[in-house]
Amino acid sequence: MTIGFIGLGIMGRPMVKNLIKAGYQLVVYDKFAGFDDLVALGACGASSNKEAASKSDVVITMLPNSPHVKEAVLGAGGIVEGISAGKIVVDMSSIAPAVSQEVGEALKAKGVAFLDAPVSGGEPKAIDGTLAIMVGGDQQTFDTVKPILEKMGSSVVLVGDIGAGNVTKLANQIVVALNIAAVSEAFVLAAKAGVEPAKVFDAIKGGLAGSTVMNAKVPMILGGNFKPGFRIELHIKDLQNALDTGHNLNVPLPLTANIMETLQSLKVDGLAASDHSAIVRYYEKLAGIEVRS
Ligand code: NAD
């Protein structure tokens, strides 16, 4: 089976490497980034999205946001021009669920099956092949591509119809952002009260307040290390998609709106490309203290 892979950024590149390692034949393309390293590993390079699609049985996309996915799949020289009936497109980008549905409908008209399959876990888990993958689409298509997805993730779950994968991802992103904010506010309080933040971490990480977010982000905060990881600008993108989706469904999202404005403030402060653990910097500025060990 030949897999086309489009979007070779922070996430896509290591995901391709895992598929090559698993023995799949890859055809790769990126509009802006080079891919000589992947060709050296055995992948075949394409010169357009259309060409990558025409040479593949399954096409995977890993692109920044909804407009990029629409352009790569439906735009001029896009996947839709190269793909034929009976093939499958899997979009693993985090995008608006409504756009997943739009892309799925357009491909269905050509006899092409579609899944939205965004991921959680970031670059380290993309490298390890241990991403959490949340999938929207039909059972038969899911069953066909599951062995491929399992080469990139340790958890691969079908959550519903097309768009459900990205709804699940938006839920994930709301919980992660607010969890970092709660941890930040709490640790700023402890620091200003004169209690050693590293000791607070040791004391509470095993209790009810503990979380994967706390374990991953507090060491970064204590070390003043805000190297991404997951950039604040990408989290702004996800929360904008969450707010748009919520408002279209008549679901107010007051906490999401609040953390969105915190992220906007950090962007103004020049931190758009920092890891989202830099949310702590907002609370540090309010209280005039830093949380460091
Ligand atoms: P990235 O910006 O590093 O990579 C995206 C790639 O897509 C770039 O190389 C870009 O050149 C390419 N591209 C853009 N438009 C294109 C087009 N029309 N045709 C072909 N290639 C095109 O982004 P990333 O960090 O790899 O993230 C990809 C997706 O995964 C995003 O939706 C992001 O939210 C999501 N995600 C990222 C992380 C993370 O930690 N970085 C974690 C989970 C999910």
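All residue numbers here refer to positions counted from 1 along the written sequence of the relevant chain. Local features in this predicted model are restricted to residues of pLDDT 70 or higher, and side-chain atom pairs are both shown and tallied only at a pLDDT of 80 or more, whereas totals for entire chains, interfaces and linings draw on every residue. By convention in this description, side-chain values take in all heavy atoms of the structure and omit both hydrogens and water.

Novice: Explain the site of the ligand residue by residue, including any values.
Specialist: Near the ligand there are 26 residues, and of these Ile10, Met11, Asp30, Pro64 and Lys237 occur at the shortest range. Distance and chemistry together define a polar contact, namely a pair of N or O atoms within 3.5 Å, with one atom able to donate a hydrogen and the other to accept it when in protein, and with adjacent residues in sequence counting only for side-chain atoms on both sides. One of the backbone nitrogen or oxygen atoms of methionine 11 is found 2.9 Å away from an oxygen atom of the ligand. Here lysine 237 contributes a side-chain N or O atom positioned 2.7 Å from an oxygen atom of the ligand. Protein burial of the ligand: of its 840 Å² of free accessible surface, 93% is covered by the chains. Whether a residue is near a molecule or strand is decided by its heavy atoms; if any one of them lies within 4 Å of it, the residue is near. For the accessible areas, the method is Shrake-Rupley and the probe is 1.4 Å, while residue cover comes only from the protein chains on display.

Novice: Just give me the short version of the layout of surface pockets, but keep the residues and values in it.
Specialist: A cavity here means a set of 1 Å grid points, computed over protein atoms only, where a 1.4 Å probe fits but cannot escape. A pocket is an open set with protein on both sides within 12 Å along at least 5 of 7 lines, and lining residues have an atom within 4 Å of a point. Grid points are joined across faces, edges and corners, and a volume is the space filled by probe spheres set on the points. There is about 1,300 Å³ of room inside the largest pocket. Along its surface, the largest pocket is lined by 49 residues, and Met11, Gly122, Glu123, Phe230 and Leu234 are the ones closest to its centre. Elements that contribute at least two residues to the lining of the largest pocket include exactly helix H4 (66-74), strand E7 (119-120), helix H7 (122-128), helix H9 (164-192), helix H11 (212-222) and helix H12 (232-248). The biggest single contributor to the lining of the largest pocket is H9, with six residues. Basically, the charged four are Asp, Glu, Lys and Arg, the nonpolar ten are Ala, Val, Leu, Ile, Met, Phe, Trp, Tyr, Cys and Pro, and anything else, Gly included, counts as polar. Tallied by class, residues from the lining of the largest pocket come to 21 nonpolar, 17 polar and eleven charged. The secondary structure listing takes helices from DSSP runs of H or I that are at least 4 residues long and strands from runs of E that are at least 2 residues long, numbered from the N terminus.

Novice: Pulling in residues and values, what's your account of the packing of H9 against H12?
Specialist: All axes are obtained by fitting lines to C-alpha atoms, using only the stretch in contact for helices, and the reported angles, taken between N-to-C directions, cover 0 to 180 degrees. Contact pair H9 / H12: the axes reach a minimum separation of 9 Å and the direction vectors enclose 120 degrees. Relative to H12, the element H9 lies oblique. In this structure, H9 meets H12 at a crossing whose hand is left-handed. Judged by residue contacts, Lys169, Leu170, Gln173, Ile174, Val176 and Ala177 of H9 engage His235, Asp238, Leu239, Asn241, Ala242 and Thr245 from H12. Its residues assigned to classes, the contact of H9 with H12 shows six nonpolar, four polar and two charged. Any angle from 65 to 115 degrees is called roughly perpendicular, while one under 35 is roughly parallel, one over 145 is roughly antiparallel, and all others are oblique. If you view the pair so one helix is near and one far, a crossing is left-handed when the near helix is turned anticlockwise from the far one by less than a right angle, and right-handed when it is turned clockwise. Contacts are assigned to residue pairs with any non-hydrogen atoms lying within 4.5 Å of each other.

Novice: Just give me the short version of the pairing of strand E6 (residues 113-116), but keep the residues and values in it.
Specialist: Here four bridges tie strand E5 (residues 88-91) to E6, and the two strands are oriented parallel to one another. Residue pairing across strands places valine 90 opposite leucine 115, the latter belonging to E6. Here, any two strands with at least 2 DSSP bridges between them count as paired.

Novice: Pulling in residues and values, what's your account of the packing of H9 against helix H10 (residues 197-204)?
Specialist: Interaxial distance between H9 and H10 falls to 9 Å at its minimum, and their mutual angle equals 130 degrees. Comparing their axes, H10 and H9 come out oblique. The chirality of how H9 crosses H10 is right-handed. Packed against H9, whose contacting residues are Phe187, Ala190 and Ala191, the element H10 presents Pro197, Val200, Phe201 and Ile204 at the interface.

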